[in-house]
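Residues per chain are reported as follows:
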Amino acid sequence: MQFLAYVDHKFMHPPIVSTRKGGSFYASHASLKVKNIWDEWEVEGTCLRAQWYRLKGKPRGADSEDPDGRRMMDYGNVIHEYEIERIKRSGTYIDDEIAFYDEAHNISGRVDAIVYNPMSKSEPKEMMGVELKTVGGVYTSGGALVPGPKGFGPKPQHLLQTMVYADYYKDGISTWLILYFDRSSGKSAQHIVILTPDGVSVNGQLRDWKIENIYKRWELLTGYLEEDELPPTDYTMFYNQEKLDVMLERQQLTKTQCAMMKSGKPLAIGDAQCRWCNFSEECDPVACKAL
Ligand code: SF4
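Every chain begins its residue count from 1, and numbering advances along the sequence as written. Residue-level local features of this predicted model are given only where pLDDT is at least 70; pairs of side-chain atoms are given and counted only at 80 or more, and the full residue set underlies all totals for whole chains, interfaces and linings.

Where the residue is not glycine, phi is negative for most of them; where a peptide bond is considered, it is trans in most cases. Following glutamate 123, the chain continues into proline 124 via a peptide bond in cis, with omega recorded as -5°. In DSSP terms, a helix is any run of H or I states spanning at least four residues, a strand is any run of E spanning at least two, and both are numbered starting from the N terminus. If you trace the backbone, proline 124 turns up in the loop between strand S5 (107-116) and strand S6 (127-135). Notably, glutamate 97 is not glycine yet its phi reads approximately 50°, a positive angle. On the secondary structure map, glutamate 97 appears in strand S4 (residues 93-102). For the exposure call, what matters is how many other C-beta atoms sit within 10 Å of a residue's own: 20 or more marks it buried, 12 or fewer exposed, and in between partly exposed, using C-beta atoms placed from the backbone. Exposure remark for glutamate 97: the 11 C-beta atoms within 10 Å place this residue in the exposed category. For asparagine 203, which is not glycine, the phi torsion reads 50° and is therefore positive.

So, on to helix H2 (residues 48-55). Restricting attention to buried positions, one finds in H2 the residues Leu48, Arg49, Ala50, Gln51 and Tyr53. At the exit of H2 stands glycine 57, carrying a positive phi of roughly 75°.

Summary of the metric used: pLDDT quantifies the predictor's per-residue confidence within the range 0 to 100. Taken as a whole, the protein shows an average pLDDT of 90; of its residues, 92% reach a score of 70 or greater. Every residue in residues 16-22 scores below 50 in pLDDT, and together they form 11 contacts with partners more than four places removed in sequence or on other chains. By the criterion used throughout, residues are in contact when their C-beta atoms, derived from the backbone, lie within 7 Å.

Turning next to the environment of glycine 129. Its place among the elements puts glycine 129 in strand S6. The exposure class of glycine 129 is buried, given the 25 C-beta atoms found within 10 Å. Here glycine 129 is in contact with Val111, Ile114, Tyr165, Ala166, Tyr169, Ile173 and Trp176, once residues within four sequence places are set aside.

Working rule for contacts: place C-beta from the backbone, and if it is within 6 Å of a molecule or strand, that residue counts as near it. Taken together, 13 residues surround the ligand, and among them Cys47, Thr233, Cys274, Cys277 and Cys283 come closest. Where the shell around the ligand is concerned, the elements lending two or more residues are H2, helix H8 (272-276) and helix H9 (280-283). Charged means Asp, Glu, Lys or Arg here, nonpolar means Ala, Val, Leu, Ile, Met, Phe, Trp, Tyr, Cys or Pro, and polar covers whatever is left, Gly included. The residue makeup of the shell around the ligand, split by class, is eight nonpolar, three polar and two charged. Where each domain starts and ends comes from a domain assignment, either automatic or drawn from a database. Split by domain, the residues of the shell around the ligand number at least three in each of domain 1 (25-226) and domain 2 (235-289).

What follows is the structure in structure tokens.
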């Protein structure tokens, strides 16, 4: 293809549209119901109720005033910029911080970077989408950096977000990379994500996570928003005794937690999503005080 004809084609059919709209769903809040290893349905990604509160304009809880937590967040931003700079120097850089708005599904977001595949034999070279994530420790990264209890793979919320981008840019970009950088050790890891009609391929292994089902969750949320009805919770601030007993049996508790259970001491644990949720006070003002 002639260079100018290629530029004309890209101009008329841009793979990236940089518009944004208020009141949209966030790609980073994508969620999905999936079967866990015990064949039970559970939600991965952002709680529909938390998204409902945000879209209804409910006040967010105050952000943490912990200076250490703030420093960790800033470290994440600095690492992000540093890694983008390294990509620029590698000669593969095309663009970064690309505003995204999927009008058909009313989803907005921001793609971290678009790069050329340096191994590509085609002309022009294949483009790849990149999501950069920083994590706080090899041992707490749940398999994102090194094989964890659930194997080696991106964190579910990062995979779901990337699936949304991959679907939107499917005519121009088929390969997506989720790159992890560990703040404490400098270690890094790469996951290759490709959307297929049967689900999503992660590092060559197919998961039956379908993009249509991610959109269906947002359709469900749209119904709750239109009816002004609060969606049920997808997560739990504190597990009840029945859940704790099952977790004990399945060896999902730490040694200390097991010891507390066995000695009859109350165990106040729940889903991490509620601990970090900006709307926990709105959701359950009583329980939230004990978080
Ligand atoms: S506190 Fe938990 S259940 Fe309530 S909205 Fe937040 S994430 Fe959902």
